[in-house]
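Single-letter residue listing:
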Amino acid sequence: MTAPAAHRPIRRRTFLALATAGLAAGCARPDPTVRFADLTFAGRAPITLDAARIEIVDEYRMPLADPNVEHRAPLAPAAATERWARDVLRASGAGGRAVFRITKGSLVENRLKTTGGLKGWFTVDQAERYDAAIEGRLDLYGADGRLLGNAEAQATRYQTIAEDASLNDRQRLWYNLVEATATDFAASMEAAIRGKLAPYVR
């Protein structure tokens, strides 16, 4: 009897993992010895704003459920974006405030079609695509609370992964993808601030 199509990818992945890596059946967690560098934007030129203080507000709420996987990644997009704001934005003014809002910081898994049948047992396909998206906005308020202006930016990237990838491979992909997306966002946001809020940049 032919196995149902829905079960073939799982069986094939198990076969590939055992054949190519010699992994034990009980290996189900990432290697705890794998460490990732702390992301920093300290090397970027600071942006000093005419404001007495800067507030950082994370408005994005993780769904904590599939297909979103940012809560399982070693570096969440929102956390990377917050690090940018803390490393780059500076306050130097007698009054008013700048509020940086993280409006989106998602990492979403999309299943890809893989080769079925006998050929599928000997084919290593790209099994998932991960889409990272970051969006943010900087609002500048005067001492009287009036909105003086704002700047916003967004960045998206994606990357696929092979079906025989280990859990550690997946963690590395997530980290690198989020880091690259956050770097894209940083460049876009900095350009937007210097353009849209030029009168308030010192």
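The notes below deal with the structure included here. (Residues numbered from 1 in each chain as written. Predicted model: local features only at pLDDT ≥ 70, side-chain atom pairs only at ≥ 80, totals over all residues. Heavy atoms only, no water.)

## As for the packing of helix α2 (residues 77-88) against helix α4 (residues 167-196)
Alright, step 1. Close contact between α2 and α4 brings their axes to 10 Å; oriented N to C, the two are set at 45°. Classified by the interaxial angle, the pair formed by α2 and α4 is oblique. As α2 packs across α4, the resulting crossing turns out to be right-handed. Contact residues: P77, A80, T81, W84 and V88 in α2; V178, A182, F185, A186, M189, E190 and I193 in α4.
Alright, step 2. When the residues that make up the contact of α2 with α4 are grouped by side-chain class, the tally is 10 nonpolar, 1 polar and 1 charged. (Axes fitted to C-alpha atoms, helices over the stretch in contact; angles between N-to-C directions. Helix = DSSP H or I, 4+ residues; strand = E, 2+ residues; numbered from the N terminus. Parallel < 35°, antiparallel > 145°, perpendicular 65-115°, else oblique. Left-handed = near helix turned anticlockwise from the far one by under 90°. Contact = heavy atoms within 4.5 Å. Nonpolar A, V, L, I, M, F, W, Y, C, P; charged D, E, K, R; others polar.)

## Here we look at α2
Because an α-helix completes one turn every 3.6 residues, residues spaced three or four positions apart along the sequence face the same direction.
Alright, step 1. An ideal rise of 1.5 Å per residue puts 16 Å on 12 residues; α2 measures up with 17 Å between its terminal C-alpha atoms.
Alright, step 2. On its buried face, α2 is in contact with β1 (47-49), β2 (53-58), β3 (89-91), β4 (97-111), β5 (126-141) and α4. (Expected span 1.5 Å × (residues − 1).)

## Side note on the packing of aromatic side chains
Alright, step 1. Tallying each qualifying case throughout the model produces 5 aromatic pairs.
Alright, step 2. With centroids separated by 5.1 Å and ring planes inclined at 25°, the aromatic side chains of F36 and Y175 adopt a geometry described as stacked. A residue pair is termed long-range when its members are at least 10 positions apart, and F36 in the loop between α1 (8-21) and β1 and Y175 in helix α4 qualify at 139 residues.
Alright, step 3. Arranged with centres 5.9 Å apart and planes meeting at 85°, the rings of W84 and F185 form a pair that is edge-to-face. (Phe/Tyr/Trp six-rings, centres within 6.5 Å; stacked < 30°, edge-to-face > 60°.)

## Notes on the nonpolar core
Alright, step 1. In this structure, W84, F100, L107, L138, M189 and I193 are the most contacted members of the largest nonpolar core, which totals 40 residues.
Alright, step 2. Looking at this core, the elements with two or more residues in it are β1, α2, β4, β5, β6 (147-162) and α4.
Alright, step 3. The biggest single contributor to this core is α4, with 11 residues.
Alright, step 4. The residues touching M189, leaving out its near neighbours within four places in the chain, are W84, F100, G136, R137, L138, A151, E152 and A153. (Core = buried A, V, L, I, M, F, W, Y, C linked by side-chain atoms within 4.5 Å. Buried < 20%, exposed > 50% of the residue type's maximum accessible area, 1.4 Å probe, protein only.)

## What about the sheet that holds β4?
Alright, step 1. Pairing is mixed in the open sheet, where 4 strands are placed in the order β2-β4-β5-β6. In this open sheet, the two edge strands, each paired with only one partner strand, are β2 and β6. Ignoring which end each strand starts from, the neighbouring axes of this sheet average 15° apart.
Alright, step 2. The pairing of β5 with β6 spans 15 bridges and is classified as antiparallel. Pairing of A133 across the sheet is with T156, part of β6.
Alright, step 3. Seen against the sheet, α2 touches β2, β4 and β5 and runs at an angle of roughly 150° to β4.
Alright, step 4. This element, α4, spans β4, β5 and β6 of the sheet and lies at about 155° to β6. (Pairing = 2+ DSSP bridges.)

## Section: the side chain of E190
Alright, step 1. Inspection of the secondary structure assignment puts E190 in helix α4.
Alright, step 2. For E190, a relative accessible area of 7% translates into the label buried.
Alright, step 3. Leaving out residues up to four positions away in the same chain, E190 has contacts with R44, I47, W84 and V88.

## Thoughts on the pairing of β5
Alright, step 1. Note that β4 and β5 share 14 bridges and pair antiparallel. Among the inter-strand pairings, N110 is bridged to a residue of β5, identified as R129.
Alright, step 2. The turn linking β5 back onto β6 is made up of 5 residues, and G145 within it adopts a positive phi angle of 90°.

Nothing here speaks to function; it is geometry throughout.
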